[in-house]
Amino acid sequence: MKAIMLCAAAALAAIPAAAAASAYSDEARLPFAGQPGELPLEVVLRFAKNRLGEDGQFEYRSLKVIQISQPEAFDKASIALLREGLMDDSVKGTRQRFQLSREDNVWTIRAVKEDFSCWRGRKGWGVKLCP
């Protein structure tokens, strides 16, 4: 049993800090292409579905969606999904920010960043997990 614990501790120590800190990261799934004719929001919702709920259930008070694009530059869009009032003892809310571009009538998520607001400790949004 002691040998197993030592092996597990060694394996955890070998994980780079960046990998451990990005436990919530979806960057490995990028780029994420939509289907022809889909709107940017449809692509984002399909990408983020596992974060928004499971089996018709969700554990947050509110979900806000913000889409921003530049006039006359409708081949790029930014979308933010804010989940607030989480049923978690440390994380108050999450914010995922998506950068999309369109090519040949297909929207593709190029980048996603996630940050957190905490029930206690730091104020505002931060990239580090809540204490």
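Quick caveat, the model's predicted, so the values are computed rather than measured.

## Comments concerning the pattern of salt bridges
Part 1: The full count for this structure, using the stated rule, is five salt bridges.
Part 2: Residues Asp 115 and Arg 97 are paired through a salt bridge, measuring 3.4 Å at the closest nitrogen-oxygen approach. In this pair, Asp 115 sits in strand S5 (residues 106-118) while Arg 97 sits in strand S4 (residues 91-103), placing the two residues 18 residues apart along the sequence.
Part 3: The exposure class assigned to Arg 97 is partly exposed, which follows from its relative accessible area of 34%.

## Things to note about the nonpolar core
Part 1: In this structure, Val 44, Leu 81, Phe 98, Leu 100 and Ile 109 are the most contacted members of the largest nonpolar core, which totals 21 residues.
Part 2: When near neighbours in sequence (up to four residues on either side) are disregarded, Ile 109 contacts Leu 30, Pro 31, Phe 32, Val 43, Val 44, Phe 47, Phe 98, Gln 99 and Leu 100.

## Let's talk about the packing of aromatic side chains
Part 1: Tallying each qualifying case throughout the model produces three aromatic pairs.
Part 2: Judged by centre distance (5.0 Å) and plane angle (75°), the ring pair of Phe 32 and Phe 47 falls under edge-to-face. Taken together, the positions of Phe 32 in strand S1 (residues 32-33) and Phe 47 in helix H3 (residues 40-52) put the pair 15 residues apart, joining distant regions of the chain.
Part 3: Here Phe 47 falls in the buried class, since its relative accessible area comes to 0%.
Part 4: Look at Phe 47 and Phe 98: their rings are 5.8 Å apart centre to centre, the planes differ by 85°, and that puts the pair in the edge-to-face class.

The rules behind each value
- Residues numbered from 1 in each chain as written.
- Predicted model: local features only at pLDDT ≥ 70, side-chain atom pairs only at ≥ 80, totals over all residues.
- Heavy atoms only, no water.
- Salt bridge = Lys/Arg side-chain N within 4 Å of Asp/Glu carboxyl O.
- Helix = DSSP H or I, 4+ residues; strand = E, 2+ residues; numbered from the N terminus.
- Buried < 20%, exposed > 50% of the residue type's maximum accessible area, 1.4 Å probe, protein only.
- Core = buried A, V, L, I, M, F, W, Y, C linked by side-chain atoms within 4.5 Å.
- Contact = heavy atoms within 4.5 Å.
- Phe/Tyr/Trp six-rings, centres within 6.5 Å; stacked < 30°, edge-to-face > 60°.

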